[in-house]
Each structure stands twice: as structure tokens, then as C-alpha cells.
Amino acid sequence: MTWLRRAATRLASAGLVTLAAAAAPAAASDATVAAELMQPGPLPDIVEGATSAPATIVEYASMTCSHCAAFHQQVWPALKAKYVDTGKAKFILREFPLDPLAIAAFMAARCAGPDKREALIDHLFESQGEWAFRDEPLERLRRETGLSPADFLACVKDKALFDGINATRDSAAERFGLDSTPTFFVNGHKLDGEPALPAFDAALAAPAK
């Protein structure tokens, strides 16, 4: 398919900057990290929950990361119900793509519009096995997003959006030493590994440091 070849060429030719194995940033207090996390980034944050919520959860994810998909299917619904829907915390998912296909998925989610991005991301994580690890993944991804071939191609050709997603990833890698997904920050406190709900309970209950 012509549009598919063009989209694949666009993503492949742009390449993906390899994350440098730089020394981790010097340790900082959770409050300092929280303030740094809230500085304006290359792309506007899309916040789930009340913007005035007292706690903030930030996730850096990759759309082709199976651990990220597992979190969004197994932990996120309960976390959202307990903290986000009740106004106790706001949730921000930021792009940290680990391959060109993840970039395309994040671009499509942004192109869906701010009011649809989070729902589409959840859907893509739920259906990850149907598009991310199969033949013709771009076409399968396009079908999952519901975008027409023309709209999908226009989306992945958006250089400003492409650069913004890459800059979001590179900035997180440089400022916070990120090199894997998912990575979470709860009020600036980093959660490593694959945290389940009790880990978020503990982090949200902990006093600010």
C-alpha cells in the first residue's frame, strides 16, 4: 500500500536516538524532582483528573512496552478509581517511545485530540498484541486508531509533533536518568520496576520529603 510505505519510510528514515548511557543525575529531594517534573515540556501535558488534586502521578511509557500494557490493564483501573476519580490525585502520561512504532502510536493518539488521547492510549495498550507484534504493524495500528489512511499518513508526517515526542523522551532521559518503561513518579518520588496498587498506596500516603 502506497500510504503504508510512505509512513514506514517516514518513521524509519527519521530513526530513533539511542538513549545515552550517561551517569544518573545527582540525587535530589522528591520536592525538587516534583517541581522539575511540572516544568513545561516540549508538548502540553494532558491531565486526567482534577488539575487541583493534591497529589500528582506521572508515568513515562512506551506504547510497545508489554509491561506498560500490563500496568494499564491490571493496575490503572483500580488506581484511577481510588485516586484520580475521587480527586485525590491527577495522572499525567508522558511519551517515552522506545522504537519508531511506539512513536507512531503516540503521534496517532495526539492526533485524535486532547479529549480522546487517553482513551485511545488505553485502547492501544489493551489491543497491543493485535498490532505491535504482528505483520504489517503500521496498518494494524492505523486500524486500531480508527484513522483513515490519509489522516494517519498526515499525522505521522507531522514533523513538529514527531520532534516534540522525541524531545519529551530525550528530556526525561537527560533530566531524570530514565532508560526504561514504565517509570512512575508520585509527588516526585520515583517508583521503579512494575509497581502494583499497594506501592502507589504507600507512595501517596508518605509525607513529602
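Residues numbered from 1 in each chain as written. Predicted model: local features only at pLDDT ≥ 70, side-chain atom pairs only at ≥ 80, totals over all residues. Heavy atoms only, no water.

## Re the packing of helix H4 (residues 76–84) against helix H11 (residues 197–205)
Packed helices, taken two at a time, are described by the angle between their axes plus the distance between the axes.
Phase 1: In the contact formed by H4 and H11, the axes pass within 10 Å of each other and the chain directions differ by 25°. Our classification of the angle between H4 and H11 gives roughly parallel. The element H4 and its partner H11 pack so that their crossing is right-handed. Across from Ala78, Leu79, Lys82 and Tyr83 in H4, the residues of H11 making contact are Leu197, Phe200, Asp201 and Leu204.
Phase 2: Its residues placed into classes, the contact of H4 with H11 shows six nonpolar, no polar and two charged. (Axes fitted to C-alpha atoms, helices over the stretch in contact; angles between N-to-C directions. Helix = DSSP H or I, 4+ residues; strand = E, 2+ residues; numbered from the N terminus. Parallel < 35°, antiparallel > 145°, perpendicular 65-115°, else oblique. Left-handed = near helix turned anticlockwise from the far one by under 90°. Contact = heavy atoms within 4.5 Å. Nonpolar A, V, L, I, M, F, W, Y, C, P; charged D, E, K, R; others polar.)

## A look at the nonpolar core
Phase 1: Counting residues in hydrophobic clusters, the biggest one holds 48 residues, and the most contacted among them are Ile57, Met63, Phe71, Phe125, Trp131, Leu141 and Phe200.
Phase 2: Ranked by residues supplied to this core, first place goes to helix H5 (residues 100–111) with nine residues.
Phase 3: Of all hydrophobic cores here, the second largest spans 10 residues; its members include Val33, Tyr60, Ile92 and Phe185. (Core = buried A, V, L, I, M, F, W, Y, C linked by side-chain atoms within 4.5 Å. Buried < 20%, exposed > 50% of the residue type's maximum accessible area, 1.4 Å probe, protein only.)

## Points about the sheet that holds strand E5 (residues 189–191)
Hydrogen bonds along the backbone pair up the strands of a sheet, which may run parallel or antiparallel.
Phase 1: If you trace the five strands from one edge of the open sheet to the other, you get E1-E3-E2-E4-E5, paired in mixed fashion. Both edges of this open sheet fall to strand E1 (47–48) and E5, since each of them pairs with a single strand only.
Phase 2: Bridge count between strand E4 (residues 183–186) and E5: three bridges; the pairing is antiparallel. Following the sheet pairing, phenylalanine 185 is matched in E5 by lysine 190.
Phase 3: Set on the sheet, H4 makes contact with E1, strand E2 (55–61) and strand E3 (89–95); between it and E3 the angle comes to about 140°. (Pairing = 2+ DSSP bridges.)

## Topic: the pattern of salt bridges
Phase 1: Per the stated rule, a full pass over the model turns up 12 salt bridges.
Phase 2: Between arginine 142 and glutamate 139 there is a salt bridge; the shortest N-O distance is 3.0 Å. Here the residue arginine 142 and the residue glutamate 139 both occupy positions in helix H8 (residues 137–145), the gap between them amounting to three residues, near one helical turn. Here the two residues arginine 142 and glutamate 139 agree in accessibility, since each one is buried.
Phase 3: Note that lysine 159 and aspartate 163 form a salt bridge whose closest N and O atoms lie 2.6 Å from each other. (Salt bridge = Lys/Arg side-chain N within 4 Å of Asp/Glu carboxyl O.)

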